[in-house]
Amino acid sequence: MGRVDLHVHTTGSDGLFTPSEVVKLAKEVGLAGLAITDHDSVSGIEEALSAGREWGIHVVPGVEISTLWQGKEIHMLGLHIDYRDPSLLEKLKRQREVRQTRNRMMIEKLNELGIEVTMEEVMAKKKGEGQADNVGRPHIAEVLIDKGIVQSMDEAFDRYLGRDGQAYVTPPRISPIEAIQLIHQSKGKAVIAHPGLYEQDDLIPLLVENGLDGIEVNHPDHTDEAKQRYAEMAKTFGLFETAGSDFHGERHGSMYHAMLGTCTVDEGILTKL
């Protein structure tokens, strides 16, 4: 039985590889399949599906939806979604508008800190043919590295762009419960992404009550203890256990978050999903 990576980004959002390139890379690293889960976007799915047929790779249509819960950003994965669903497309468009608002707010905070960054500089970091409105924090981080403000992606997030960073902001977004509803309406399965990053495990039972289907147990930013804890929670609540590298590609020598295929699960899960 082959292995699948169920959390992968492309130039459809803030990844560095086009959908076709990601699928080809999946073939090269020996994967049987992968899920395309761009941030608030499904623009790369058609190309990935076509490449999947060419390379013999099972491509799962997916999305990663940014939500807000009690002031904390929570990401929800939608797997096996109907990526043509009109309601989904409209909601994702609104999500990307919020992302643009956050970018502007972060740039303003950086400027207040005496760091000169413009939206034009950030937009210029967008790679490929993906949606121009889907620029995110990694693009801002690239600009900070170019200007010598920080030396790496990790430093950019630790000092400025991450949850505890000096320029971090969280504008209003849909809740994770609303994201679950949206994913289900588009015939997909809802999975909480990298819960170990939130330090809010008490949210998971509430999400289960509202239809949560799975937990991303194996993620490159999870400790061994966290992986065990979420595997136990998945069993307790009868949820799918998923895994994903959260692959974006390498920027300035930093792999964000990990190489494609680093975190995988048995391809048998695809039938269950």
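Quick notes on the rules
- Residues numbered from 1 in each chain as written.
- Predicted model: local features only at pLDDT ≥ 70, side-chain atom pairs only at ≥ 80, totals over all residues.
- Heavy atoms only, no water.
- Buried < 20%, exposed > 50% of the residue type's maximum accessible area, 1.4 Å probe, protein only.
- Helix = DSSP H or I, 4+ residues; strand = E, 2+ residues; numbered from the N terminus.
- Contact = heavy atoms within 4.5 Å.
- Pairing = 2+ DSSP bridges.
- Right-handed = clockwise from strand over helix to strand, strands pointing away.

Looking up the protein chain in an unreviewed UniProt entry gives the name PHP domain-containing protein, with the organism given as Laceyella sacchari.

Novice: For this particular structure, what's the right way to read helix α7 (residues 176–185)?
Specialist: Each turn of an α-helix holds 3.6 residues, which means side chains three or four residues apart point in the same direction. Of all the residues in α7, the buried ones are P176, I177, A179, I180, L182 and I183. Looking at the buried side of α7, the elements it contacts are β3 (58–69), β4 (72–79), α3 (86–112), β5 (189–192) and α8 (203–209). Immediately downstream of α7, the backbone of K187 shows phi near 65°, a positive value.

Novice: Is there a simple way to think about the pairing of β3 in this case?
Specialist: Walk down a regular strand and you will see the side chains alternate between the two sheet faces. Here β3 lies mainly inside the structure; eleven of its twelve residues are buried. For strand β2 (residues 33–36) and β3, the ladder comprises four bridges, and the chain directions are parallel. Its bridge partner lying in β3, G33 is registered against H58. Looking at chain direction, β3 and β4 are connected through eight bridges and run antiparallel. Counterpart to L68 in the pairing with β4 is E73.

Novice: Mind showing me how you'd approach the sheet that holds β4 here?
Specialist: Pairing between sheet strands relies on hydrogen bonds along the backbone, with the strands arranged either parallel or antiparallel. Taken in spatial order, the eight strands make up an open sheet running β7-β6-β5-β4-β3-β2-β1-β10, and their pairing is mixed. Every other strand in the sheet has two partners, leaving β7 (240–243) and β10 (265–266) as the edge strands with one partner each.

Novice: In this structure, what is going on with the pairing of β7? I would like to understand it.
Specialist: Relative to β7, strand β6 (residues 214–218) runs parallel, the two sharing four bridges. From the neighbouring strand, N218 faces β7, where its bridge partner is A243. With helix α9 (residues 224–237) bridging β6 and the parallel β7, this β-α-β connection has right-handed handedness.

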